[in-house]
Amino acid sequence: MNISVIGTGYVGLVQGVILADFGLQVICMDVDQKKIDRLNAGDVPIYEPGLSELMHKNVEAGRLRFSSDMKEAVESADSIFIAVGTPPADDGSADLRYVLAVAKGIGEYLNGYKVIVDKSTVPVGTARLVGETIQKELDARGVSHEFDVASNPEFLREGKAVNDCQRPDRIVLGCDSERAKDLLKKVYNVLYINQTPFIFTEIETAELIKYASNAFLAVKISFINEIALLAEKVGANVQEVARAMGMDGRISPKFLHAGPGYGGSCFPKDTKAVADIARKHGEQTLVIEAAIQANEKQKAKMIEKITDSMDDVKDKTIAVLGLSFKPDTDDMRDAPALTILEGLAAQGAQIKAYCPQGIEESKWRLADIENQITYCHDEYEAAKNADALVILTEWNQFRGIDLERMGKLMKGNFLFDLRNIFAKDEQVRKLFQYRPVGRT
Ligand code: NAD
């Protein structure tokens, strides 16, 4: 079976590698020639644990190739996965220009029956739109070929993407053709025979499942962040509240960690997109809109927490550990660090930042405040002469830092632990003016 994955980003590359590892012949196609050149040179353009080894293994086995040739990608495939970006437009709606450009390209080169699979997160109705776009191109060419479009949303988590694609919680397949369903069962045969739950459903339902899942997780995070703000006011401990809440099987302990607000390439854009889909259908998603607002408030509250505790941050040096939106990724899209660093810089702070993987992307995303940021090689260099230390992302390596050494290197002694990684450490409150989130 030949598969082409169009769009070789966080989703497309991982999916392509995993499908090749499942024994299929895969072409990962992208319009970004530099990315394809890097991949062909054996260089993985994103940081994702475990991906590099698996990619090399499958390239060497002759099952995985990288190309910028759309014609070849379409003509050679039995099934074409669309995994291009769907970034937010100015009004919050999902920008479908990349998805529809791919659909047009498929229509231009389609040469026989194929199943087109939407992996990108797309508004309800997009699979039909993709089908119409392909058909329009076929009509323009004056040719007739059968094809089906299915929705197969992706649920991988960056940082754990390889495992999530090898052992997904479920595969959602929105499809209204038995022929396409049979072909996709073969594509996912390894998972199908391993008893991964498969949800075969209508296309519209599959499209909504993805948005509903992400919006629910965003609501859960905003909810516990709101409880954290309240806990600080009333003298309660949000970690204990969350732990006890999570023991209730109806609630579950996951996504109940208070912090600086959610970020990344999915929750911020998908919550806005689902609110936009609702508006376009004459509905309003009040709970989701509140989660979006609460998330903006949470980031602002983190800036306030730092500036209020320090009285004034003008000309103070703040060491920041962790820039990427979560650990084990280099992805900085919508990372809380962007808003928080900009907020601190606007008030005159000087920032010394260290992140294991997020620095390269921060450099261009935070170019507006580059005069106020010094990027450091490790935690200790960042701490040197700093008035305060801020933990923004809970990379595992930060859990093991030598707090005493950090304290000695610093000029001041504030520690803002926005991920509560040291909250249970006895020593931390003796060494620092310690400020966790949602507890003392
Ligand atoms: P990305 O920005 O990392 O990758 C998209 C890739 O598509 C880029 O390499 C870009 O060059 C390429 N591209 C754009 N137009 C193209 C075209 N016409 N032909 C070929 N390639 C083209 O995006 P991503 O993070 O992988 O996300 C892709 C989709 O998957 C989005 O809809 C996203 O919401 C969804 N998703 C992402 C995640 C995640 O954690 N990143 C998880 C689940 C779902």
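Cut-offs used in this document
- Residues numbered from 1 in each chain as written.
- Predicted model: local features only at pLDDT ≥ 70, side-chain atom pairs only at ≥ 80, totals over all residues.
- Heavy atoms only, no water.
- Helix = DSSP H or I, 4+ residues; strand = E, 2+ residues; numbered from the N terminus.
- Buried < 20%, exposed > 50% of the residue type's maximum accessible area, 1.4 Å probe, protein only.
- Contact = heavy atoms within 4.5 Å.
- Areas by Shrake-Rupley, 256 points an atom, 1.4 Å probe, with all protein chains shown as cover.
- Lys, Arg positive; Asp, Glu negative; His and termini not counted.
- Charge placed at Lys NZ, Arg CZ, Asp CG, Glu CD.
- Salt bridge = Lys/Arg side-chain N within 4 Å of Asp/Glu carboxyl O.
- Polar contact = N/O pair within 3.5 Å; in protein donor to acceptor, adjacent residues only side chain to side chain.
- Near = heavy atom within 4 Å.
- Nonpolar A, V, L, I, M, F, W, Y, C, P; charged D, E, K, R; others polar.
- UniProt positions renumbered as here; feature names shortened; annotations may be inferred.
- Axes fitted to C-alpha atoms, helices over the stretch in contact; angles between N-to-C directions.
- Parallel < 35°, antiparallel > 145°, perpendicular 65-115°, else oblique.
- Left-handed = near helix turned anticlockwise from the far one by under 90°.
- 1 Å grid on protein atoms, 1.4 Å probe; cavity = no way out; pocket = protein on both sides within 12 Å on 5 of 7 lines; lining within 4 Å.
- Points joined across faces, edges and corners; volume = space filled by probe spheres on them.
- Core = buried A, V, L, I, M, F, W, Y, C linked by side-chain atoms within 4.5 Å.

> Got a sec to walk through the overall build of the chain? Specific residues and values, please.
Looking only at helices and strands, the chain has 19 helices and 14 strands in total. Projected onto its principal axes, the C-alpha positions of the chain cover 75 × 50 × 40 Å. A total of 440 residues make up the chain; the buried ones form 55% of that total. Residue pairs at least 24 apart in sequence account for 73% of intrachain contacts in the chain once pairs closer than 6 positions are excluded. As displayed, the chain has an accessible area near 19,500 Å², and 49% of this comes from carbon and sulfur atoms. Counting 54 positive and 65 negative side-chain charges, the chain places the averaged centre of each group 4 Å from the other.

> Explain the side chain of Lys220 residue by residue, including any values.
Within the secondary structure layout, Lys220 lies in helix H10 (residues 203-234). Salt bridges are absent for the buried Lys220, whose nearest opposite-charge side chain, Asp248, sits at 10 Å. One polar contact links the side chain of Lys220 to the main-chain carbonyl oxygen of Ser252, over a distance of 3.1 Å. Ignoring sequence-local partners within four residues, the contact set of Lys220 consists of Ile251, Ser252, Lys254, Phe255 and Leu256.

> So what's going on with the site of the ligand? Which residues, and what values?
Taken together, 27 residues form the shell around the ligand, and within it Asp30, Lys35, Thr86, Glu158 and Lys269 come nearest. In the model, an oxygen atom of the ligand is placed 2.9 Å from a nitrogen or oxygen of the Thr121 main chain. Contacts to the ligand include Lys269, whose side-chain N or O atom sits 2.5 Å from an oxygen atom. Bound to the protein, the ligand loses 88% of the 830 Å² it would expose on its own. Contributions of two or more residues to the shell around the ligand are made by helix H1 (10-21) and helix H5 (97-109). Classifying every residue of the shell around the ligand gives 11 nonpolar, eight polar and eight charged.

> Tell me about the UniProt feature "active site" (unreviewed entry) in the chain, and please be specific about residues and values.
The positions UniProt marks with the feature "active site" (unreviewed entry) are Cys266. In this structure Cys266 comes out as partly exposed when scored by relative accessible area, which is 28%. Those residues in contact with Cys266 that lie beyond four places of it in its chain are Asn214 and Thr271.

> Before we move on, could you go through the packing of H10 against helix H11 (residues 238-246) and cite the residues and values that matter?
It is the contact of H10 with H11, at a shortest axis distance of 9 Å, that shows an interaxial angle of 135°. Taken together, the axes of H10 and H11 lie oblique to each other. Viewed along their axes, H10 and H11 form a crossing whose handedness is right-handed. On H11, the residues that touch Phe223, Ile224, Ile227, Ala228 and Ala231 of H10 are Val238, Val241, Ala242 and Met245. Among the residues making up the contact of H10 with H11, the classes are represented as nine nonpolar, no polar and no charged.

> Give me the lowdown on the layout of surface pockets, citing residues and values where you can.
Quantified by volume, the second largest pocket comes out at close to 250 Å³. As for the second largest pocket, its lining consists of Glu226, Leu229, Glu232, Lys233, Lys297, Lys301, Met302, Glu304, Lys305 and Asp308. Every element with two or more residues in the lining of the second largest pocket is listed here: H10 and helix H13 (286-309). Ranked by residue count, the leading element in the lining of the second largest pocket is H13, at six residues. Within the lining of the second largest pocket, the residues separate by chemical class into two nonpolar, no polar and eight charged.

> So what's going on with the nonpolar core? Which residues, and what values?
Formed by 63 residues in total, the largest nonpolar core has its most connected members in Ile318, Leu321, Leu323, Leu341, Leu415 and Phe422. With six residues, helix H14 (residues 336-346) is the largest single contributor of residues to this core. Setting aside residues no more than four positions away along its own chain, Phe422 makes contact with Ile391, Phe398, Arg399, Ile401, Leu403, Leu415, Asp417, Val428 and Tyr434.

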